[in-house]
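What follows is the residue order along each chain.
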Amino acid sequence: MSVLQPQHFYGVEYDVRVINGFTNNSSLALVIWCSSEEGDMGGRALQAGDDYGWRLRTKIWGTTDFMCTMKWDQKRRRFHAFKVPRDSLRCNLFRKCSWLVKEDGFYFSNDEVNWKKDFSWY
């Protein structure tokens, strides 16, 4: 059994941002559709360099979870754009969770300077 850390408590705000980092996607948009336990946030079509972001406030007991489905051409991937406790720890310094979606996968950063590949499309 783990003890909840202070950053897991109710009311901490985080900024989440997903960026289309494709370098050669011509006119084919990256489609993103996100939702949480509280409802559907809708879909967006992002051209190269476009982004989609939102601010969230954590819920009590660390149950905040935002899922996004990404689609580009024949590729499709569903992932946790924000999930406590994973992201409350790694996003904590700036309270910023950013995702850069590229041809070879999904990159994470909490400062939008240093990016680390988190996972591939498949």
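For the structure, check the block above.
Read on for a plain summary of the structure. (Residues numbered from 1 in each chain as written. Predicted model: local features only at pLDDT ≥ 70, side-chain atom pairs only at ≥ 80, totals over all residues. Heavy atoms only, no water.)

The next point concerns the environment of Cys68. Note that Cys68 resides in strand 5 (residues 65-72). Relative accessible area serves as the criterion here: at 0%, Cys68 is assigned to the buried category. Along the backbone, Cys68 and Cys34 are 34 residues apart, and their C-alpha atoms lie at a distance of 4.1 Å. Look past the residues within four positions of Cys68 in its chain and what remains in contact with it is Ile32, Trp33, Cys34, Trp54, Arg77, Arg78, Phe79 and Ala81. (Helix = DSSP H or I, 4+ residues; strand = E, 2+ residues; numbered from the N terminus. Buried < 20%, exposed > 50% of the residue type's maximum accessible area, 1.4 Å probe, protein only. Contact = heavy atoms within 4.5 Å.)

Here we have five strands laid out as an open sheet, ordered 4-1-7-8-9, and mixed in their pairing. Lying at the two open borders of the sheet, with one neighbouring strand each, are strand 4 (51-57) and strand 9 (116-119). Mean inter-strand twist for the sheet, computed between neighbouring axes without regard to direction, equals 25°. Alignment of strand 1 (residues 13-20) against strand 4, held across seven bridges, turns out to be antiparallel. Considered in strand 4, the bridge of Ile19 is made with Asp51. (Pairing = 2+ DSSP bridges. Axes fitted to C-alpha atoms, helices over the stretch in contact; angles between N-to-C directions.)

Along the polypeptide, Gly105 turns up in strand 8 (residues 105-109). Measuring from C-alpha to C-alpha, the distance between Gly105 and Tyr122 comes to 8.4 Å, with 17 residues separating the pair along the chain. Among all residues touching Gly105, those that are not within four sequence positions of it are Leu100, Lys117, Phe119, Ser120 and Trp121.

One open sheet accounts for four strands, arranged 3-2-5-6; its pairing is antiparallel. The open sheet is flanked by strand 3 (39-46) and strand 6 (75-83), the only strands paired with a single partner. If you compare each strand with its neighbour and ignore which way they point, the axes differ by 20° on average. In terms of strand pairing, strand 5 meets strand 6 through eight bridges, oriented antiparallel. Bridging from a neighbouring strand, Lys71 pairs with Arg76 of strand 6.

Quick look at the nonpolar core now. Counting 28 residues, the largest nonpolar core has Trp54 and Met70 as its most contacted members. For this core, the secondary-structure elements that each account for two or more residues are strand 1, strand 2 (30-36), strand 4, strand 5, strand 6, strand 7 (96-102) and strand 8. Here this core gets four residues from one element, more than from any other, and that element is strand 5. If near-sequence neighbours (up to four positions away) are discounted, Trp54 is found in contact with Tyr14, Asp15, Val16, Val18, Cys34, Met41, Phe66, Cys68 and Ala81. (Core = buried A, V, L, I, M, F, W, Y, C linked by side-chain atoms within 4.5 Å.)

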